[in-house]
Amino acid sequence: MRILIGVTGCIAAYKACEVIRGFQKAGHEVSVVLTESAKEFVGEATFRALADGRVCSSLFADEDPIPHIALAREADAFLIAPCTANVAAKIAHGIADDLLTSTALACTCPFIVAPAMNVHMYDSAATQENLRTLEERGAFLIRPEEGYLACGDNGRGRFPDPEAVVQMTLEHMAEDLPLVGKRILITSGPTLEPVDEVRFISNRSSGKMGACLVQAALDAGAEVEIVSGPVPLSYDGRAKIRFVETAQEMMEAAKEAFPESDIAICAAAVSDMRPARAHEGKLKKGRDDDALGAIELVQNPDILSGLCQMKRAGQVVVGFAAETEDVVEQAREKLARKGADMILANLVGQGRGFGRDESEAWIVTEEGVTELGCRSKKEIAKAILELLSLNRAVEGDRA
Ligand code: PMT
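Residues numbered from 1 in each chain as written. Predicted model: local features only at pLDDT ≥ 70, side-chain atom pairs only at ≥ 80, totals over all residues. Heavy atoms only, no water.

**Student:** Describe the state of the cysteines, naming the residues involved and giving the relevant values.
**Tutor:** Applying the stated criterion across every chain yields a total of zero disulfides. Not engaged in a disulfide, the cysteine Cys151 finds its nearest cysteine sulfur in Cys10; these two sulfurs lie 10 Å apart. With no disulfide of its own, Cys212 has Cys374 as its nearest cysteine by sulfur position, at a separation of 13 Å. (Disulfide = S-S within 2.5 Å.)

**Student:** Can you explain the site of the ligand? Please cite residues and give values.
**Tutor:** Among the 25 residues in the neighbourhood of the ligand, the closest are listed as Ser205, Ser206, Ala268, Lys334 and Asn346. One of the backbone nitrogen or oxygen atoms of Ala267 is found 2.9 Å away from a nitrogen atom of the ligand. At a separation of 2.8 Å, an oxygen atom of the ligand approaches a polar backbone atom of Leu304. In the complex, the protein chains occlude 96% of the 770 Å² of accessible area that the ligand would expose alone. Among the cavities detected, the one that contains the ligand is the second largest pocket. The greatest single-element share of the shell around the ligand, amounting to four residues, is contributed by strand E17 (residues 316-323). By residue class, the composition of the shell around the ligand is 13 nonpolar, six polar and six charged. (Near = heavy atom within 4 Å. Polar contact = N/O pair within 3.5 Å; in protein donor to acceptor, adjacent residues only side chain to side chain. Areas by Shrake-Rupley, 256 points an atom, 1.4 Å probe, with all protein chains shown as cover. 1 Å grid on protein atoms, 1.4 Å probe; cavity = no way out; pocket = protein on both sides within 12 Å on 5 of 7 lines; lining within 4 Å. Sits in = over half its atoms within 2 Å of the grid points. Helix = DSSP H or I, 4+ residues; strand = E, 2+ residues; numbered from the N terminus. Nonpolar A, V, L, I, M, F, W, Y, C, P; charged D, E, K, R; others polar.)

**Student:** Let's hear about the packing of helix H5 (residues 85-92) against helix H8 (residues 125-136): which residues, and what values?
**Tutor:** One way to put it is that H5 packs onto H8 with a least axis distance of 9 Å and a crossing angle of 50°. What the angle tells us is that H5 and H8 run oblique. In the packing of H5 onto H8, the handedness of the crossing is left-handed. Within the contact between the two elements, H5 uses Ala85, Ala88, Ala89, Ile91 and Ala92 and H8 uses Thr127, Asn130, Leu131, Thr133 and Leu134. Broken down by class, the residue content of the contact of H5 with H8 amounts to seven nonpolar, three polar and no charged. (Axes fitted to C-alpha atoms, helices over the stretch in contact; angles between N-to-C directions. Parallel < 35°, antiparallel > 145°, perpendicular 65-115°, else oblique. Left-handed = near helix turned anticlockwise from the far one by under 90°. Contact = heavy atoms within 4.5 Å.)

**Student:** Talk me through the sheet that holds strand E5 (residues 111-115); I want residue IDs and the actual numbers.
**Tutor:** Spatial strand order, E3-E2-E1-E4-E5-E6: six strands in an open sheet with parallel pairing. In the strand order of this sheet, the two ends are held by strand E3 (55-56) and strand E6 (140-141), each with one partner. With respect to the sheet, helix H1 (residues 15-25) is in contact with strand E1 (2-7), strand E2 (29-34) and strand E4 (77-83), its orientation differing from that of E1 by roughly 175°. Contacting E1, E4, E5 and E6, helix H9 (residues 162-175) crosses the sheet at an angle of about 150° to E4. (Pairing = 2+ DSSP bridges.)

**Student:** An account of the nonpolar core is needed here, citing residue identities and associated values.
**Tutor:** Ile184, Ile186, Leu213, Ile265, Ile384, Leu385 and Leu388 are the most contacted members of the largest nonpolar core, which has 35 residues in total. Among the elements of the structure, strand E9 (183-188), helix H10 (208-219), strand E12 (223-228), strand E14 (263-266), E17, strand E18 (342-347), strand E19 (358-365) and helix H15 (377-390) are those that each provide at least two residues to this core. Top contributing element to this core by residue count: H10, with eight residues. The contact partners of Ile265, leaving out residues within four places of it in the chain, are Ile184, Leu185, Ile186, Thr187, Leu213, Val318, Phe320, Leu385 and Leu388. One finds Ala12, Val19, Val55 and Ala77 within the second-largest nonpolar core, a separate group that totals 32 residues. (Core = buried A, V, L, I, M, F, W, Y, C linked by side-chain atoms within 4.5 Å. Buried < 20%, exposed > 50% of the residue type's maximum accessible area, 1.4 Å probe, protein only.)

**Student:** Could you give me a rundown of the packing of aromatic side chains, with the residues and numbers involved?
**Tutor:** For any pair of aromatic rings, geometry is given as the distance between the ring centres together with the angle between the planes. Counted under the stated rule, the structure contains two aromatic pairs. Look at Phe78 and Phe111: their rings are 5.7 Å apart centre to centre, the planes differ by 45°, and that puts the pair in the tilted class. Placement of Phe78 in strand E4 and of Phe111 in strand E5 is noted, with a sequence separation of 33 residues between them. Note on Phe78: relative accessible area 0%, which makes it buried. (Phe/Tyr/Trp six-rings, centres within 6.5 Å; stacked < 30°, edge-to-face > 60°.)

Set out below in structure tokens:
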């Protein structure tokens, strides 16, 4: 998930650095928006060094002419930590006079506020009313702790332990995630079918599409198991990952995981054929020319069809179709022939689809076709998961 952290002018601003680290350790991407006062406590350079997303503080300095809208659109959650009495008051009253408060007004994602200030400022009727207003409008408040404060007073107002702030934020967000309690099996990458001990038949799948699906499924709150062919990329560590080589191994692993899954998404580029036998050692040019020149091929099992045949009520199976022409027509045919609930059809060949960060795609179901156009694989994955979240078969059966 992409988490936007707002930092305001408070002695606890340095603790936002640990909050950033905490989210990153949990696998999330962090962008930062600072008020001018926050920069008096911790410099923008520190946040730039830590954050993996954008770090901004001005409505006008960025190349983007409307940065508050872009930040608000990109964020899956907006956490203001620490939040001063002043910023809480401004947001409660709809004042948008800098980048942070304008972004807060433009945000439609979950909004979390962690106030930190002097005990008397916190206890004041004005602050309490402002925080209540924010809460009533849907903000999740992470209350400050009691203790010794920077100003020498003792009482409520201390910014909590950064780890606890991360934990509470993630727990709060998980409550609303659409696929909490669901298990998703994803196949990804190519398969490798050995000719001998050094050669194989394979394809150009990089696993990028599968990795984006893993991320989107985790972000939707699902538990994810991925069965992947050999790829040089790393999948999100929160998923259970099983690497395999051949189509037969992928079939076995997928069949084993499927009964415990609510949804299966078959994004792997499985070799349709494999050599009838994998020769021992290396076939040698000159000596084994006959064997090398006429590799006998046999059909591999069709994993997608196999899972569709095993499907019980409530389970949903999504297939992919990689086509060089008549994409939608062929996807419709695959949907019917293989028995899938949904097919993500994508255009491949001439450098498209395989190995790229984007793809031209369509979602095909019995109900109709949704043209996604040319989009990043991240967006395609998100679109698939959003549709699955709305699917009545999945929804009706929610744990
Ligand atoms: O990995 P990337 O580089 O990011 O590329 C992504 C991708 C192009 C590989 C991906 O978007 C994609 O299209 N994956 C499916 C590729 C494919 O094998 O398509 P197909 O039309 O041949 O197969 C149709 C469906 O049947 C697929 O869901 C496939 O996983 C499944 N299949 C095919 C053959 C087989 N023996 N078993 C299967 O399960």
